[in-house]
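# Results of the structural survey
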Amino acid sequence: MLFPGVPVAVEGVCEDGDGLRIELVSTAAEAPCPSCGSLSRRVHGWCRRRLKDVAIAGRNVLLELRSRRLVCVEAACGRRTFREQIPSLTRRWARSTQRVTSMIARFGILAAGRAGSRLLGAAGVQVSRDTVLRVVMGLPLPFEQAQAAGEAVPAVLGVDDVAIRKGHSYATIIIDAGTHRPLDLLPDRLSGTLATWLKAHPGVEIVCRDGSNAYAEAIRDGAPDAVQVNDRWHLWHGLGEAVEKVVVAHTPCWRPTVGKALKEPPRHEMWHARAIDERTAARHRMVHDLLAQGLSLMECRRRLGWGFNTVKRYARAATPEELQRPPRYRQTLVCPYRDYLRRRLIEEPSVPITHLLGEIRAQGYSGSQNLLFRYINQGRLDLEHAPARPRKVTSWLMSAPENLAQHDAERLSEVLDLCPHLNESANLIKQFAHMMMNRAGEKLAGWMDAAQALEQPPLSSFVTGMRQDQAAVTAALSLEYSNGPTEGTNTKIKLLKRQMYGRAGFPLLRQRILLN
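The structure displayed is predicted, hence computed values, not measured ones.

Tallied over the full model, the rule gives six aromatic pairs. Each ring, one from tryptophan 236 and one from phenylalanine 432, has its centre 6.3 Å from the other, and the planes form 25 degrees; the classification is stacked. Taken together, the residues tryptophan 236 in helix α7 (residues 232-249) and phenylalanine 432 in helix α17 (residues 420-438) connect sequence positions 196 residues apart. Of the residues examined, tryptophan 236 reaches a relative accessible area of 23% and is grouped as partly exposed. Phenylalanine 432 sits in the buried class, given a relative accessible area of 0%. Here tryptophan 306 and tyrosine 314 contribute two aromatic rings whose centre-to-centre distance is 5.8 Å and whose plane-to-plane angle is 45 degrees, an arrangement assigned as tilted. Taking relative accessible area as the criterion, tyrosine 314 reaches 6% and is therefore assigned buried. Here a set of aromatic residues connected by ring pairs shows up, and it is made of Trp236, Phe432, Trp447 and Phe462. Over the aromatic face of tryptophan 46 sits the side chain of arginine 66, whose NZ or CZ is 5.1 Å from the ring centroid. In this arrangement the basic side chain of arginine 189 is found over the ring face of tyrosine 170, its NZ or CZ atom lying 3.7 Å from the centre.

What follows is the structure, encoded as structure tokens:
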């Protein structure tokens, strides 16, 4: 019962302090020579070994094993005698059973050295953290074992970069896209390293990756016949970023402001332009004045002392309003009294704000007078609802209509009615989502032409990037494979890194990743 399938017999069990001592004797008929592998039955003598085993009912267990020293029957073998090893129980020079070593390995893979040592202590196995790490580092890697056994490399791989120290050093994770198991971890994310690995492991047919140019070059060099598949999530995310820029650029069209999209004009003429809007208008005027003189963007950058991308953004905008973001209104203490204040202003448009302050204080308002003045000055009383932020509008556009709440769908419909440019972008988003969901990659070329025909710079830039990697993007929209499993493995790697507080070296991190 204690040792099922193991060729030993129990001769006795006795207490040994706080633990148990179990006396065993080998019952194997023969054993192989460790040098030549010849089976031998000739007994040279008997010897005793003491082995630590897993705990029983919280009590430590010590095995006293009587095993044989056998004579090698192969005359050409250089070893004359050898000590037999009991299968599934003993190994050469080991002072613990294979069950204990297996437990140390499992705890070490999951929790690493120090934490693994503490957990093993609670399980009745007292070992140091160095022992835990030594056992983990001595384990064979599954992919290397498969390669040694002559198995073929998986036909579909996933490749992604892994931050060893974010912003400083990165590695490359390679997984089997079919089983989602990690195959190897390369020490950097250079194209040459991945190309060398692919050349050493021929037979790859499909490689899933993100939009990295380095990985694209490595795959072309190391596996030129393999089909490259871009990541669908990154494509959708890139489209979302481009759409958000379009939403920001057309904010004046869809954003409800004082004097626009109101059921009646504002009662208090106290609306003041924001300082940031005035500053944006001044900068826009400076850039376009220099461009009107025939200066290039680089010369404008030099004269103004700004970044090139900043100058380019102002140059692309026909009006300052395209660059102005809506104010970010948050919930305030005045919001519960908004309907009452609107009603009072409709009944008595000339009522002083100080009177309104006294009335809502009688109802429980605990805010300051300045807060009420600022709330009314911003025109928030005159809006049907707080204006949505560009990112919120983008999330509505990028969501499936059936997944939107009713009030969000109504708000989106209002936005699209106000801005025809966003209506055109919404149609493009639906078409792209249809291509992704139905694997209709053959429609990509027509979609890109339609997107560029809108003459929206963010969308045109997104399409230009896709054209540079069109084959991989088409494969992503046509094949079932994606880089999602690799991204999931990357997330698990972050947990392993944080368990070791970033202090583990690359060899240990690689071992734990490939064994998990």
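Read from one edge of the open sheet, five strands run β10-β9-β8-β11-β12, paired in mixed fashion. The outermost strands of the open sheet, each flanked by one partner alone, are β10 (182-186) and β12 (227-229). On average, each strand axis in the sheet is tilted by 25 degrees relative to the strand beside it, whichever way the strands run. Here strand β11 (residues 206-208) pairs with β12 via three bridges, running parallel. Pairing of cysteine 208 across the sheet is with valine 229, part of β12.

Among the residues of helix α2 (residues 113-122), those classed as buried are Gly113, Gly116, Ser117 and Leu120. Viewed end-on, α2 has its buried residues packed into an arc of 100 degrees, placing them on one side of the element. In α2, those exposed residues whose orientation departs by more than 90 degrees from the buried face are Arg118 and Ala122. Structurally, α2 contributes buried residues whose contacts are with α1 (98-111) and α3 (129-137).

Quick notes on the rules
Residues numbered from 1 in each chain as written. Predicted model: local features only at pLDDT ≥ 70, side-chain atom pairs only at ≥ 80, totals over all residues. Heavy atoms only, no water. Phe/Tyr/Trp six-rings, centres within 6.5 Å; stacked < 30°, edge-to-face > 60°. Helix = DSSP H or I, 4+ residues; strand = E, 2+ residues; numbered from the N terminus. Buried < 20%, exposed > 50% of the residue type's maximum accessible area, 1.4 Å probe, protein only. Lys NZ or Arg CZ within 6 Å of the ring centre and 35° of its normal. Pairing = 2+ DSSP bridges. Axes fitted to C-alpha atoms, helices over the stretch in contact; angles between N-to-C directions. Arc of directions from axis to C-beta. Contact = heavy atoms within 4.5 Å.

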